[in-house]
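Structural characterization, general
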Amino acid sequence: MSHVFVRLRGIQLEDLEMVLMADAAEHAERGMNLEQMWHNADDAEEVLFLFSAEDLDKARAYINEMLGQAMSAFSDLPSPSITYLQN
């Protein structure tokens, strides 16, 4: 199983959790499942989360699509750091 690890700044854990829970069905359709979320204990502005992904190429395409839409709609949105992990 592959994974996608994301670091995001400028959002509260609770707010991000609501967004990800609302999108959970769509993520599942794309073969992605939210595994874990963390709040950086040393940086209150940073949230980290991990998805499992059935197909890393499909996950990457979906994330790039969503990121493009989000960046177009919210130009001041900080870009996340995304790491694609494969066994």
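Just above, that's the structure.
I will try to describe carefully the structure that is included in this document. Values in this document were obtained by computation on a predicted structure and should not be read as measured data.

**Quick notes on the overall build of the protein**
Across its full length, the protein holds 3 helices and 4 strands. For the protein, whose C-alpha radius of gyration is 13 Å, the value lies close to the compact-globule estimate of 12 Å for 87 residues. In terms of principal-axis extent, the alpha carbons of the protein reach across some 30 × 30 × 20 Å. Per-residue burial over the protein gives 29% buried out of 87 residues. A separation of at least 24 residues holds for 65% of the contacts in the protein among residues at least 6 apart in sequence. Between the mean site of the 5 positive side-chain charges and the mean site of the 16 negative ones, the protein shows a separation of 8 Å.

**Section: the nonpolar core**
Core analysis: the biggest nonpolar cluster contains 16 residues, and Val4, Leu16, Met32 and Phe49 have the highest contact counts within it. Put simply, the parts of the chain that give this core at least two residues each are β1 (2–9), α1 (13–22), β2 (32–39), β3 (46–53) and α3 (56–73).

**Regarding the sheet that holds β2**
Strand order in the open sheet formed by 4 strands is β2-β3-β1-β4, with antiparallel pairing between adjacent strands. Of all strands in the sheet, those bounded by a partner on one side alone are β2 and β4 (81–85). Strand-to-strand twist of the sheet, defined as the mean angle between neighbouring strand axes without regard to direction, takes the value 15 degrees. Sheet topology places β1 next to β4; 5 bridges connect them, and they run antiparallel. Note on β4: the bridge partner recorded for Val4 is Tyr84. Along the sheet, α1 contacts β1, β2 and β3; its crossing angle with β2, the most-contacted strand, is approximately 175 degrees. Where α3 meets the sheet, it contacts β1, β2, β3 and β4, and its direction lies at approximately 170 degrees from that of β4.

**Quick notes on the packing of aromatic side chains**
All chains considered together, the criterion is met by 2 aromatic pairs. Aromatic pair Phe5 and Trp38: ring centres 6.3 Å apart, planes at 55 degrees, arrangement tilted. Note that Phe5 is positioned in strand β1 and Trp38 in strand β2, a separation of 33 residues in sequence. In this arrangement the basic side chain of Arg60 is found over the ring face of Tyr84, its NZ or CZ atom lying 4.1 Å from the centre.

**Quick notes on the pattern of salt bridges**
A complete count under the given rule lists 3 salt bridges for this structure. Among the ionic pairs, Arg7 bridges to Glu46, the shortest N-O distance being 3.4 Å. Highlighted residues: Arg7 in strand β1 and Glu46 in strand β3, separated in sequence by 39 residues. Residue Glu46 is classed as buried on the basis of its relative accessible area of 9%. Asp43 serves as the salt-bridge partner of Arg9, at 2.3 Å between the closest nitrogen and oxygen. With Arg9 in strand β1 and Asp43 in the loop between β2 and β3, the pair connects residues that are 34 residues apart, well separated along the chain. For Arg9, a relative accessible area of 40% corresponds to the partly exposed category.

Basis of the calculations
- Residues numbered from 1 in each chain as written.
- Predicted model: local features only at pLDDT ≥ 70, side-chain atom pairs only at ≥ 80, totals over all residues.
- Heavy atoms only, no water.
- Helix = DSSP H or I, 4+ residues; strand = E, 2+ residues; numbered from the N terminus.
- Rg over C-alpha atoms; globule rule 2.2 N^0.38 Å.
- Buried < 20%, exposed > 50% of the residue type's maximum accessible area, 1.4 Å probe, protein only.
- Contact = heavy atoms within 4.5 Å.
- Lys, Arg positive; Asp, Glu negative; His and termini not counted.
- Charge placed at Lys NZ, Arg CZ, Asp CG, Glu CD.
- Core = buried A, V, L, I, M, F, W, Y, C linked by side-chain atoms within 4.5 Å.
- Pairing = 2+ DSSP bridges.
- Axes fitted to C-alpha atoms, helices over the stretch in contact; angles between N-to-C directions.
- Phe/Tyr/Trp six-rings, centres within 6.5 Å; stacked < 30°, edge-to-face > 60°.
- Lys NZ or Arg CZ within 6 Å of the ring centre and 35° of its normal.
- Salt bridge = Lys/Arg side-chain N within 4 Å of Asp/Glu carboxyl O.

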